[in-house]
Amino acid sequence: SSWWRSVEPAPKDPILGVTEAFLADPSPDKVNVGVGAYRDDNGKPVVLECVREAERRIAGSLNMEYLPMGGSVKMVEETLKLAYGENSDFIKDKRIAAVQSLSGTGACRLFADFQKRFRPDSQIYIPVPTWANHHNIWRDAQVPQRTFHYYHPESKGLDFAGLMDDVKNAPNGSFFLLHACAHNPTGVDPSEEQWREISYQFKVKDHFAFFDMAYQGFASGDPERDVKSIKIFLEDGHHIGIAQSYAKNMGLYGQRVGCLSVLCEDEKQALAVKSQLQQLARPMYSNPPVHGALVVSTVLGDPDLKKLWLKEVKDMADRIIGMRTALRENLEKLGSPLSWEHITNQIGMFCYSGLTPEQVDRLTNEFHIYMTRNGRISMAGVTTGNVGYLANAIREVTK
Ligand code: PMP
C-alpha cells in the first residue's frame, strides 16, 4: 500500500511545460513560440502533401507484421543516402552500422547506451547551451558529461575560440556531441571554414564526433547543403556517428521515425556494431514502429514524391526565414535602439533572442506569449498575423 510513498513529482520539462501553460491560457491573443514544431502562417500544424500522398498509396495494402529488429531496411537505406551522400562509398562498401530509431531522441539514447557499453570509461562533451534533453539522455545512459564552449552571448554568435580551446584541451580520444546544422537552441552554426578547422583538430586529437541532425533542410532549405558539416568530417576520414530524425523535416513528429548510424572501419565491424545496437534495442522496445518508416521509404523511394518533399522542406524553411526578416523589421520600425541583427543571422527553427528569464516572464504574464525562459523563440510559431504583436511585446519588455 505504500510502495510509492517516497516518489516526489518530477520537475516539469522546460519545453513541454511551456505548451501546457499555453494551452491553459484562455486569452485570444496568446502566442506559442515555445515548442520547436513547424506551423503554417495560420499557426496550424502541417502535414506535408508528400506524406499525405504516401499514406494514400500505403493505405490498406500492407499488413501489420513486426519490422526486423533493426527496422525498415529500405527506410534506413534512403536515410543514409541523405546523410552520407547519394553515391557514398561507405554505403556501397557496407561500412555503416545503421538501425531505425525512435526518432532523433531514440537515436541519441541508443548511441549513448552503446557508448556506455563498449567505451565504459568515456565521457561526452556537450555544447553550451544545447537541447536540454541531451543532458537527460546521456545522464540516464550513465555517461559522464563535460561541456564545451559554443555560444558567445555578447556577439550572439559562435564562440569559436572557446570551442577550439576546449577541443584542444579535452583528453585525446574524447566523444563530442555536435549539432550537424541549425543548432538548437541558438540558431548559430559554424561556417564551412570553421567546420574544416574543427574537423582538422578532431583529427589531431583523435576525437569521436557524434552528429545530432534533427533539422536537415531547415537551415538552408536544402537537405544536401545542410549536411556540409558531416561531409567535411567524412572527407577527413573520421569515423562518425549520426542521429537522424524525420520529426521536423518531414513533419512526422508523433510517428517517431529516425535512424542511428555509426561509420565503421569495414563491413565486418559494421555487422558487429549493428548486431550490438539491435541487442541494445531488443529489451527496450524490441523493434521500431512500422507506419512512419513506410511513409518515409515511400516518399524517398519515389523520385516524384522526393521532389515534392524537397520543395515542401524549402517552403517551410523559407517561411521561417521570412518571419525572421519580419520580426527584425518590426522591432526596428518600433524604434528599438537595440541590435536585432542576430534574428536574421541565426538560422534554423530558433532565434536565441537574448531576452532574459525575467523579460520572458513579462512576455508571458503581460502579453500571453509563451517561450522557454532561456529566451529561445521558435520562429516556426511566428506568423504574419502575430509578428507585429510579438515585436511590440518584445519592444515593451526590453525598454
Ligand atoms: N536533437 C535536437 C537538437 C532536437 O532539437 C530535437 C527535437 N527537439 C531532437 C534531437 C529530437 O527530436 P525527435 O526525437 O522528435 O526526433
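Up top is the structure these notes are about.
Quick caveat, the model's predicted, so the values are computed rather than measured.

**Observations concerning the overall build of the chain**
When helices and strands are tallied, the chain shows 16 helices and 13 strands. Counting over 399 residues, the chain shows a buried share of 53%. For the chain, restricting intrachain contacts to residue pairs at least 6 apart in sequence, the fraction spanning at least 24 positions comes to 75%. Counting only carbon and sulfur atoms, one obtains 52% of the accessible surface of the chain, whose full area is about 18,500 Å². Each charge class in the chain was averaged separately, 45 positive and 49 negative side chains, and the resulting centres sit 3 Å apart.

**Considerations on the sheet that holds strand S3 (residues 124-128)**
Reading across the sheet, the 7 strands line up as S2-S10-S9-S8-S7-S3-S4 and stay open at both edges, with mixed pairing between neighbours. Each end of this open sheet is capped by a strand with a single partner; those strands are strand S2 (96-101) and strand S4 (145-149). This sheet shows a mean twist of 25° between the axes of neighbouring strands, independent of strand direction. Of the pairings in the sheet, the one linking strand S9 (residues 241-245) to strand S10 (residues 258-263) comprises 5 bridges and is antiparallel in character. Bridging from a neighbouring strand, Ile242 pairs with Ser261 of S10. Packed on one face of the sheet, helix H11 (residues 267-285) meets S2 and S10 and runs near 20° to S2.

**Let's talk about the pairing of S3**
The buried fraction of S3 amounts to 4 of the 5 residues, a majority that puts the element mostly inside the structure. For S3 and S4, the ladder comprises 5 bridges, and the chain directions are parallel. Looking across to S4, one finds that Tyr125 is bridged to Arg146. Handedness of the crossover joining S3 and S4 through helix H6 (residues 132-140) is recorded here as right-handed. Of the pairings in the sheet, the one linking S3 to strand S7 (residues 175-179) comprises 2 bridges and is parallel in character.

**Quick word on the nonpolar core**
By size, the foremost hydrophobic cluster in this structure holds 93 residues, and its most contacted members are Phe211, Met250 and Leu327. Sorting elements by how many residues they give to this core places helix H13 (residues 303-333) first, with 9 residues. When near neighbours in sequence (up to four residues on either side) are disregarded, Phe211 contacts Leu178, Ala180, Trp195, Ser229, Ile230, Phe233, Ile240, Gly241, Ile242 and Ala243. Among the nonpolar cores identified, the runner-up in size contains 27 residues, and Ala97, Val99, Ile137 and Ala141 belong to it.

**Regarding the site of the ligand**
Near the ligand there are 13 residues, and of these Ser103, Thr105, Asp212, Tyr215 and Ser245 occur at the shortest range. Within the contact set of the ligand, an oxygen atom lies 2.5 Å away from a side-chain nitrogen or oxygen of Ser103. Here an oxygen atom of the ligand sits 2.6 Å away from a polar atom, N or O, in the side chain of Ser245. Within the complex, 91% of the 400 Å² of free accessible area of the ligand lies under protein. If one sorts the elements of the shell around the ligand by residue count, helix H5 (residues 103-118) sits on top with 3 residues. A breakdown of the residues in the shell around the ligand according to their chemical character gives 4 nonpolar, 6 polar and 3 charged.

Rules used throughout
- Residue numbers restart at each chain and count upward from 1, following the sequence in its written direction.
- With the structure being a predicted model, the display of local features is reserved for residues of pLDDT at least 70 and the display and counting of side-chain atom pairs for 80 or more, all residues being used for whole-chain, interface and lining totals.
- Side-chain calculation: all heavy atoms of the structure are included, whereas hydrogens and water are not.
- In this description a helix means any DSSP run of H or I spanning at least four residues, a strand means any run of E spanning at least two, and both kinds are numbered starting from the N terminus.
- The rule is simple: take the accessible area with a 1.4 Å probe, protein chains only, and divide by the maximum for that residue type; under 20% is buried, over 50% is exposed, in between is partly exposed.
- Contacts are assigned to residue pairs with any non-hydrogen atoms lying within 4.5 Å of each other.
- To measure how exposed things are, a 1.4 Å probe is used in the Shrake-Rupley method; for residues, cover is taken only from the protein chains shown.
- The charged-residue count follows a simple rule in which Lys and Arg add positive charge and Asp and Glu add negative charge, with His and chain termini not counted at all.
- The location of each charge is read from NZ of Lys, CZ of Arg, CG of Asp or CD of Glu.
- In this scheme, strands are said to pair when DSSP sees at least two bridges between them.
- The axes are straight lines fitted to the C-alpha atoms, using for helices just the contacting stretch, and the angles between their N-to-C directions are given from 0 to 180°.
- The handedness of a crossover follows from its direction of travel: if, with the strands pointing away from the viewer, the path from the first strand over the helix to the second runs clockwise, the crossover is right-handed.
- What makes a nonpolar core is a set of buried Ala, Val, Leu, Ile, Met, Phe, Trp, Tyr and Cys residues whose side-chain atoms join them at distances within 4.5 Å.
- Definition of nearness: a residue and a molecule or strand are near each other if at least one heavy atom of the residue lies within 4 Å of the molecule or strand.
- Under the rule applied, a polar contact is a pair of N or O atoms within 3.5 Å (in protein, one hydrogen donor and one hydrogen acceptor; residues adjacent in sequence only if both atoms are side-chain atoms).
- Residues are sorted three ways: Asp, Glu, Lys and Arg are charged, Ala, Val, Leu, Ile, Met, Phe, Trp, Tyr, Cys and Pro are nonpolar, and all the rest, Gly among them, are polar.

All quantities given are derived from atomic positions and should not be read as evidence of function.
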